[in-house]
Amino acid sequence: MSNLLQGKNIVVMGVANERSIAWGITKSLHNAGANLIFTNRQERSYQKLTKLLEKNDIKATLIVSCDVASDESIDKAFGEIKEKVGVIHGLVHAIAFANRDELKGEYADTSREGFLLAQEISAYSLVSVTRAAKELMTEGGSVVTQTYLGAERVIKNYNVMGVAKASLEASVKYLAEDVGKYGIRVNAVSAGPIRTLSAKGVSGFNEKAEIIEEKAPLRQNVDQEQVGDTTLFFLSELSRGITGEILHVDSGYHIIG
Ligand code: NDP
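Below you will find a few notes about this structure. (Residues numbered from 1 in each chain as written. Predicted model: local features only at pLDDT ≥ 70, side-chain atom pairs only at ≥ 80, totals over all residues. Heavy atoms only, no water.)

1. Considerations on the overall build of the protein
At step 1: Across its full length, the protein holds eight helices and seven strands.
At step 2: Relative to the globule expectation of 18 Å for 257 residues, the C-alpha radius of gyration of the protein, 17 Å, shows essentially globular dimensions.
At step 3: For the protein, the spread of C-alpha atoms along the principal axes amounts to about 45 × 40 × 40 Å.
At step 4: Across the 257 residues of the protein, 51% fall into the buried class.
At step 5: Summarising the internal contacts of the protein: among those between residues at least 6 apart in sequence, 77% fall at separations of at least 24.
At step 6: Per element, the accessible surface of the protein, about 12500 Å² overall, is 48% carbon and sulfur. (Helix = DSSP H or I, 4+ residues; strand = E, 2+ residues; numbered from the N terminus. Rg over C-alpha atoms; globule rule 2.2 N^0.38 Å. Buried < 20%, exposed > 50% of the residue type's maximum accessible area, 1.4 Å probe, protein only. Contact = heavy atoms within 4.5 Å. Areas by Shrake-Rupley, 256 points an atom, 1.4 Å probe, with all protein chains shown as cover.)

This is how it looks when you write it as structure tokens:
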């Protein structure tokens with residue numbers, strides 16, 4: 001896997017700290033020879049990312065700030081990437097957000113604002129960043145997002161985020177059709193539960209992880225590296241015939257009734 005992405009410029013959105021799925025992805029992409037461009041929202045995430053890169057001896061091609069809640073911020077970020085890097089070949093979208101108090105109890109209690117916020121940050125953001133990235137993918141490209149089984153089934157406490165992930169997965173398919181004619185592919189990895197900052201915001205994380213160890217065919221939880229390697233597959237030529245796909249990296253849990 002040492003040169004699968006040699007010479008390829010890949011944008012990674014969503015490293016908050018060393019537990020982030022996007023950080024596991026970063027390591028896989030770096031090992032495959034990619035040139036990495038990062039976007040952060042919070043200053044705290046930027047500080048963590050720069051420390052992590054230094055510690056792991058990874059040199060970022062560029063780091064830009066991007067809040068997906070703002071079209072202006074997205075335009076500015078991708079404008080800077082265009083100016084300083086030019087062509088990009090891949091985009092990793094590992095971003096989601098919902099109010100913590102709506103990730104427990106009953107879905108029926110979701111507020112209008114909470115519903116719209118989860119949809120905006122967790123699903124619409126893929127539409128807007130794919131549109132922005134498309135302009136820079138003049139040699140074709142691959143977009144990969146991160147989803148979860150709660151889009152397909154009712155998973156306790158996942159609530160408003162499950163509905164946002166359903167919207168994200170449908171967006172993967174509609175976007176795949178739109179950009180396929182330009183040689184751009186859009187796919188999603190559906191990972192099993194991984195202990196990250198965002199995962200801690202959903203009530204009952206431990207129960208979700210325990211059930212994987214008990215019931216999933218592989219009887220073990222997945223980690224950021226496994227998601228990283230599958231994301232690398234989607235970004236590389238190895239997956240050139242695949243688009244609009246939702247691939248489960250969950251030790252096979254989704255096949256169990
Ligand atoms: P993290 O908390 O590590 O990452 C979430 C990221 O989302 C952060 O980097 C955060 O940036 C970013 N983000 C939130 N709001 C915005 C915004 N408005 N603009 C730009 N960035 C924003 O958690 P994970 O690594 O777990 O999450 C990554 C993805 O993986 C999410 O889509 C999540 O739903 C998905 N996923 C997670 C699973 C899990 O069990 N952990 C399982 C399956 C899917 P900042 O910190 O700067 O605010």
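2. Description of the packing of aromatic side chains
Aromatic ring pairs are reported here in terms of the distance separating the ring centres and the angle at which the planes meet.
At step 1: All chains considered together, the criterion is met by two aromatic pairs.
At step 2: Ring geometry for Tyr148 versus Tyr158: centroids 4.8 Å apart, planes at 65°, classification edge-to-face. Of the two residues, Tyr148 is situated in the loop between β5 (141-147) and α5 (159-180) and Tyr158 in the loop between β5 and α5; the sequence distance between them amounts to 10 residues. Both residues of the pair, Tyr148 and Tyr158, belong to the buried class.
At step 3: The interplanar angle of 40° and the centroid separation of 5.6 Å between the aromatic rings of Phe233 and Phe234 together place this pair among those described as tilted.
At step 4: Between Arg41 and the ring centre of Phe97, over which it is positioned, the NZ or CZ distance is 5.8 Å. (Phe/Tyr/Trp six-rings, centres within 6.5 Å; stacked < 30°, edge-to-face > 60°. Lys NZ or Arg CZ within 6 Å of the ring centre and 35° of its normal.)

3. Focus: the site of the ligand
At step 1: If you check the shell around the ligand, you find 27 residues, and the closest are Ser20, Ser45, Ile194, Thr196 and Ser198.
At step 2: The separation between an oxygen atom of the ligand and a polar side-chain atom of Lys165 is 2.8 Å.
At step 3: Bound to the protein, the ligand loses 94% of the 890 Å² it would expose on its own.
At step 4: Sorting the residues of the shell around the ligand by element identifies β5 and α6 (197-200) as the ones contributing at least two each.
At step 5: Broken down by element, the residue count for the shell around the ligand peaks at three residues, all from α6.
At step 6: In the shell around the ligand, the residues fall into 15 nonpolar, nine polar and three charged. (Near = heavy atom within 4 Å. Polar contact = N/O pair within 3.5 Å; in protein donor to acceptor, adjacent residues only side chain to side chain. Nonpolar A, V, L, I, M, F, W, Y, C, P; charged D, E, K, R; others polar.)

4. Structural notes on the sheet that holds strand β3 (residues 62-65)
Picture the strands of a sheet paired through backbone hydrogen bonds; they go either parallel or antiparallel.
At step 1: Ordered in space as β3-β2-β1-β4-β5-β6-β7, the seven strands form an open sheet in which the pairing is parallel. Single-partner strands in this sheet number two, and they are β3 and β7 (246-249). Pairwise comparison of adjacent strand axes, ignoring direction, gives a mean angle of 20° for this sheet.
At step 2: With four bridges joining them, strand β2 (residues 35-40) and β3 adopt parallel strand pairing. (Pairing = 2+ DSSP bridges. Axes fitted to C-alpha atoms, helices over the stretch in contact; angles between N-to-C directions.)

5. Thoughts on unusual backbone geometry
At step 1: Of note, Asp57 is a non-glycine position whose phi angle comes to about 60°, a positive value.
At step 2: Summarising the element assignment, Asp57 is placed in the loop between α2 (43-55) and β3.
At step 3: Phi is positive for Ser251, which is not a glycine, with a value near 60°.
At step 4: Take Ser251: it is sitting in the segment after β7.

6. Re the side chain of Ser239
At step 1: Checked against the element boundaries, Ser239 lands in the loop between α8 (224-235) and β7.
At step 2: According to the relative accessible area criterion, Ser239 is buried, its value standing at 0%.
At step 3: Polar side-chain contacts of Ser239 include one of 2.7 Å to the backbone oxygen of Phe233.
At step 4: For Ser239, the side chain forms a polar contact with the main-chain oxygen of Ser236, separated by 3.1 Å.

7. Topic: a positive patch on the surface
At step 1: Together, Arg19, Arg100, Lys104, Arg195 and Lys200 give the surface a local cluster of positive charge.
At step 2: Topologically, Arg100 is positioned in the loop between β4 (90-93) and α4 (112-134).
At step 3: Residue Arg100 is classed as exposed on the basis of its relative accessible area, which comes to 56%. (Patch = residues over 30% accessible without salt bridge, like charges linked within 9 Å, V, L, I, M, F, W, Y side chains within 5 Å. Salt bridge = Lys/Arg side-chain N within 4 Å of Asp/Glu carboxyl O. Lys, Arg positive; Asp, Glu negative; His and termini not counted. Charge placed at Lys NZ, Arg CZ, Asp CG, Glu CD.)

8. Examining the nonpolar core
At step 1: In terms of nonpolar packing, the biggest core is built from 32 residues, with Met13, Val68, Phe78, Ile81, Ile88 and Leu91 touching the most fellow members.
At step 2: Of all the secondary-structure elements, those providing two or more residues to this core are β1 (9-13), β3, α3 (71-84), α4, α5 and β6 (184-191).
At step 3: Looking at this core, the element that brings in the most residues is α4, giving six residues.
At step 4: Excluding residues that lie within four positions of it along the chain, Leu91 makes contacts with Ile10, Val11, Met13, Phe78, Val129, Ala133, Met137, Ser142, Val143, Val144 and Leu235.
At step 5: Grouped together as the second largest cluster of nonpolar side chains are 28 residues, Leu29, Ala32, Ala34 and Val92 included. (Core = buried A, V, L, I, M, F, W, Y, C linked by side-chain atoms within 4.5 Å.)

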